[in-house]
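# Architecture and fold: a report
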Amino acid sequence: MSHTVLVCDDAIFMRTMISDILAQAGFEIVGEAETGSQAVEKYRQLKPDLVTMDIVMPDMGGIDAVREIVKQDPDAKILMCSAMGQQALVVEAIQAGAKDFVVKPFQPSRVLEAVQRVLG
Amino acid sequence: MDLSQYAELFLAESREHLSACNQLLLDWERTPANPAPVAGLFRAVHTVKGMAATMGYGRVTDIAHRTENLLDLLRRGSRPATDELLQLLFRARDALEHAVELSVVGREDELDVAEVVADLESAAALLAGPERPAPAPTAAVEPPAAPGRSRLVQVTLRAEAPLKGGRALLALKRAQALGAVQGVTPPQAAFESDDFDGGFSFRLDSSAAAAEIERAVRGAGDVEHVSVGAGGDERRAAAPRGAGAAAAAEAIPEKSRHIRVDLRRLDELMDLIGELVTVRGRLNELAAARRDPAVDDVAIQISRLSADLQAGIIQARMTPVWQVFDRFPRLVRDLARELDKQVAFRVEGKEIELDRAILDELGDPLLHLLRNAVDHGIETPAERRRRGKPPEGEIVLAAVRERASVAISVSDDGRGIDRARILERARREGLVDAHAEALSDDQLLRVLARPGFSTAEAVTSVSGRGVGIDVAVTRIRALGGSIDIRTEAGKGTSFVLRLPVTLAIVRALIAGVGRERYALPLTYVAETVEFGVQPTTIVEGREAIVLRNRVVPLVHLRRMLGVSGDAPARCPIIVLEMGERTSGIVVDGMLGQQEIVVKGFDPPQGTLPVFSGATIMGDGNPALILDAGGLV
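In this numbering scheme, every chain counts its residues from 1 along its sequence in written order. The order in which chains are written sets their letters, starting at A; the order in which ligands are written sets their numbers, starting at 1. For a predicted model such as this one, the threshold for reporting local features is a pLDDT of at least 70, and the threshold for listing and counting side-chain atom pairs is 80 or more; totals across whole chains, interfaces and linings nevertheless cover every residue.

## Points about the overall build of chain B
The line we're drawing: Secondary structure elements are defined from DSSP: runs of H or I of at least 4 residues count as helices, runs of E of at least 2 residues count as strands, and each element is numbered from the N terminus. With C-beta atoms placed from the backbone, a residue is labelled by how many other C-beta atoms lie within 10 Å of its own: buried for 20 or more, exposed for 12 or fewer, partly exposed between the two. The contact criterion used here is simple: two residues whose C-beta atoms, placed from the backbone, lie within 7 Å are in contact.
Across its full length, chain B carries 19 helices and 22 strands. Taking all 632 residues of chain B together, 38% fall into the buried category. A sequence separation of at least 24 residues applies to 68% of the contacts in chain B between residues at least 6 apart.

What follows is the structure, encoded as structure tokens:
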């Protein structure tokens, strides 16, 4: 059975791209979220094997969403999607419980490597 | 990876974010002391940056990155906006927009961004203040050895690894799974700094084998080299990690509930449905002639299905008006600034929906009206004060849903149109009766909307409402809509545009006059009454009926179209209502209601200006569509 993924990003563009990369690698995209609070809600509903999480999102940011999700499920596997220059935020996200991160612009191979590490 | 498939998505989404930036900047400009919009700005620019970097659009990324830096400094400092900063941010936003548009069509090279980039840099440098001393690199002093089976682990990350601090932290976490970690060098706080070079060490208190520790640390990714001290035993890294996971052969369709559809596809579908509706009409007529219950049955089913299909497609074409309105706040602001006026601009009813094809045509007419409102409607602050008005004028752009139409109004609280001056001009140019004493609102609009109406004088000395009004009126009428004007000297002017919600297929009354049939869209039909039953009267020289205390002037279509022969003794009157204007159209007979597919139409010279298009009836014969706007 393929792994299920929840893709969280406020940009449709990014969601589409991540979904395409992962779907082509055989993952099943079971949901998308545009805000941190949607991500928390959908995680509760969908219990995906993996979450990709943008850091900067409206409403509730990605890091707060990680905290919330990890509170519900300490084993949640969350992959942060960050941009160059967000070192401090990435560090914060990992401290909050994110399992790995990828850096935009995404290279499919690096995204998949990170996913393997997280699910590994 | 082929990125071109994402270009349209990139463009559409970047536009949305940049449009939001405009609104946020305007908000900030209105209340400079409140830094709330900065977070949203930062987010929008950040998103554009991420998308552009992914697409490989270097210049967009560059401008976005520097703008983001500046916004970040502003955000952290919670600083009020200065005029200079706002101007720079507006410029940066415009440059971004330009860069986005050019990049998507592969003309990125034509951009010269040096100036705005330099200005962003110097503004950021100014805000950042004197360079803070960089945190001194921690001396590579060996941390005190912990008791037990503590071993020194030294890690070097790959030089090309991005965000090395995050990676280092992941490595530490993996190590922690094996035992207690101490003596991290440099201290963990350094991981948050961009100066962190990817080399670090720590002591791990664990009974795990060295190979196991190394494997765990490597599991964090991007690790170039790991050494695990075990009594001075240092191991070198083995072969680098293999390539990424192989992509599985088949993609799983994603479950997102939204897709973006090229508008042209919807147009094609609409055309096809238009043809289907025409054929359906023919089928219904044939079925009626056959009187075969089985055929009737099929005809009814097809009618129902095609009606559902049509409703679905029209719904898919509906677009909220903000997609056009959103660019106006910035435009009004820029224009007001240029003219040294103070204008509060308000938008209402942003979520009201219209057929995309209509919405697309609205931009220019609204632009004309707004421009006129700022330029000629709103007075200078000094003049407003003299008249006892607040120095800041107000312009409201509002959309409201009415029955089967949408009313969009542009209202200002400015000086209003000087009727006397317009009347004088109109008389001189023979546009009204030389003895006319006053111009009604309708007459005023008719005068202003005449393409030939010279506004050279009006522009400077009156209110210049003639500029662009003819363009706006023509455009709106072509869409089957109408424009009304209300103006009061000293109080302001308001234009109301009424538009059908959709263009392509409308329900119409089919009326007969002589041997021809005419279609009259139901959008503006209020009711029908019978001529000869209602007493007629003469009001202001026009024949009219009185309906519930309202005077409804009559238009005899037969006479207007020059049809010979006599009208039947009793014939129906179709009462049209457009805003507050009304008119009763006298026809020979009513032939029922039906859906018609509107086909655009270039009337030959000399055609009465009362037709807005043509349609094909169920029997294959054409019928002209009457333009309600031209009849009331």
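## What to know about the sheet that holds strand β14 (residues 525-531) of chain B
Residues and elements named next belong to chain B. Defined as follows: For two strands to count as paired, DSSP must find a minimum of two bridges between them. Whenever a helix is involved, its axis is fitted only over the stretch in contact; in every case the axis is a line through C-alpha atoms, and angles between N-to-C directions fall within 0 to 180 degrees.
Pairing is mixed in the open sheet, where six strands are placed in the order β14-β18-β19-β17-β16-β15. A single partner strand is all that each edge strand has here, and the edge strands are β14 and β15 (536-539). The mean angle between the axes of side-by-side strands here comes to 40°, regardless of whether they run parallel or antiparallel. Summarising the sheet, strand β16 (residues 542-547) and strand β17 (residues 550-556) pair through four bridges and their orientation is antiparallel.

## Quick look at the pairing of strand β9 (residues 405-412) of chain B
Residues and elements named next belong to chain B. Counting buried positions over the eight residues of β9 gives seven, a clear majority of the element. As defined by bridge partners, strand β8 (residues 393-402) adjoins β9 across eight bridges and the pair is classed as antiparallel. When the sheet's bridge partners are listed, Ala-398 is paired in β9 with Ser-409. Inspection of the sheet shows β9 paired to strand β11 (residues 492-500) by eight bridges, in the antiparallel sense. In the strand pairing of β11, Ser-409 is matched with Val-496.

## A word on helix α1 (residues 7-30) of chain B
Because an α-helix completes one turn every 3.6 residues, residues spaced three or four positions apart along the sequence face the same direction. Counted only if it meets this: By this rule, a helix spans an expected 1.5 Å times one less than how many residues it contains.
Under the 1.5 Å per step criterion, the end-to-end length of α1(B) is 35 Å for 24 residues, consistent within 8% with the ideal 34 Å. Those residues of α1(B) lying buried are B:Phe10, B:Glu13, B:Ser14, B:His17, B:Leu18, B:Ser19, B:Cys21, B:Asn22, B:Leu24, B:Leu25 and B:Trp28. Looking at the buried side of α1(B), the elements it contacts are α1 (12-24) of chain A together with α2 (36-55), α4 (83-104) and α11 (328-338) of chain B.

## Things to note about the sheet that holds strand β4 (residues 78-83) of chain A
All names here are of chain A. One open sheet holds the five strands; their spatial order is β2-β1-β3-β4-β5, and the pairing between them is parallel. Either end of the sheet is taken by a strand with one partner, and the two such strands are β2 (28-33) and β5 (100-104). Averaged over neighbouring strand pairs, the angle between their axes works out to 20° when direction is ignored. Examined bridge by bridge, strand β1 (residues 4-8) and strand β3 (residues 50-54) share four bridges and lie parallel to one another. In the strand pairing of β3, Val-7 is matched with Thr-52. Lying on the sheet, helix α4 (residues 87-96) is in contact with β4 and β5; it crosses β4 at an angle near 170°.

## Comments concerning the environment of A:Pro105
Residue placement: A:Pro105 occurs in the loop between β5 and α5 (108-119). Owing to 19 C-beta atoms within 10 Å, A:Pro105 belongs among the partly exposed residues under this scheme. For A:Pro105 and A:Met14, which are 91 residues apart along the polypeptide, the C-alpha to C-alpha distance reads 9.8 Å. Setting aside chain neighbours within four positions, we find A:Pro105 in contact with B:Ala53 and B:Thr54.

## Observations concerning the interface of chain A and chain B
Cut-off, in case you're wondering: Amino acids outside the nonpolar list (Ala, Val, Leu, Ile, Met, Phe, Trp, Tyr, Cys, Pro) and the charged list (Asp, Glu, Lys, Arg) are all regarded as polar, and Gly is one of them.
Residue-level contacts link 45 residues of chain A with 36 residues of chain B. Listed by contribution, the elements that provide at least two residues to the side of chain A that touches chain B are α1, β2, β4, α4, β5 and α5 of chain A. Residue classes in the side of chain A that touches chain B are distributed as 25 nonpolar, 12 polar and eight charged.

## Here we look at the nonpolar core
Stated formally: By convention the nonpolar core is taken to be a set of buried residues drawn from Ala, Val, Leu, Ile, Met, Phe, Trp, Tyr and Cys and joined through C-beta atoms within 7 Å. As used throughout, domain bounds are those supplied by an automatic or database domain assignment.
Among the nonpolar cores identified, the biggest contains 111 residues, and A:Val51, A:Met53 and A:Leu79 are the most heavily contacted of them. If one sorts the elements of this core by residue count, α2(B) sits on top with 10 residues. Domain assignment of the residues forming this core places at least three in each of domain 1 (4-128) and domain 2 (150-228) of chain B. If we skip the residues at most four places from it in the chain, A:Val51 touches A:Leu6, A:Cys8, A:Ala39, A:Tyr43, A:Ile69, A:Ala76, A:Lys77, A:Ile78 and A:Leu79. B:Val406, B:Ile422, B:Leu479 and B:Leu499 belong to the second-largest nonpolar core, a separate cluster that totals 44 residues.

## Quick look at helix α6 (residues 164-176) of chain B
All names here are of chain B. Counted at 1.5 Å a residue, the expected span for α6 with its 13 residues is 18 Å, and the 18 Å between its end C-alpha atoms agrees. Most of α6 is tucked away, with 10 of its 13 residues classed as buried. Listed as buried for α6 are Lys-164, Gly-165, Gly-166, Arg-167, Ala-168, Leu-169, Leu-170, Ala-171, Leu-172 and Ala-175.

## Notes on the packing of α11(B) against helix α12 (residues 356-377) of chain B
When two helices pack together, their arrangement is captured by the angle between the axes and the distance separating the axes. Residues and elements named next belong to chain B. Stated precisely, the cut-off is as follows: By the definition used in this description, the sense in which the near helix is turned from the far one sets the handedness, with an anticlockwise turn below a right angle giving left-handed and a clockwise turn giving right-handed.
At a minimum axis distance of 10 Å, the contact between α11 and α12 shows a crossing angle of 30°. For the element pair α11 and α12, the recorded crossing hand is right-handed. Residue-level inspection shows Phe-328, Leu-331, Val-332, Leu-335 and Ala-336 of α11 in contact with α12, the latter providing Leu-366, Leu-370, Arg-371, Val-374 and Asp-375. Residues that form the contact of α11 with α12 fall into these classes: eight nonpolar, no polar and two charged.

## Things to note about the confidence of the model for chain B
Residues and elements named next belong to chain B. Rule in force here: pLDDT measures the predictor's confidence residue by residue and takes values from 0 up to 100.
Looking at chain B as a whole, its pLDDT mean stands at 80, while 86% of the residues score no less than 70. The secondary-structure element of chain B with the lowest mean pLDDT is helix α16 (residues 456-461), recorded at 38, while helix α13 (residues 381-386) shows the highest, at 93. Within the model, the stretch residues 131-147 combines pLDDT values under 50 with 15 contacts to residues more than four positions away or in other chains. This model gives residues 231-256 a pLDDT under 50, and the stretch forms 35 contacts once residues within four places in sequence are excluded. Interface confidence for the predicted complex, expressed as ipTM, amounts to 0.85; the pTM equals 0.53.

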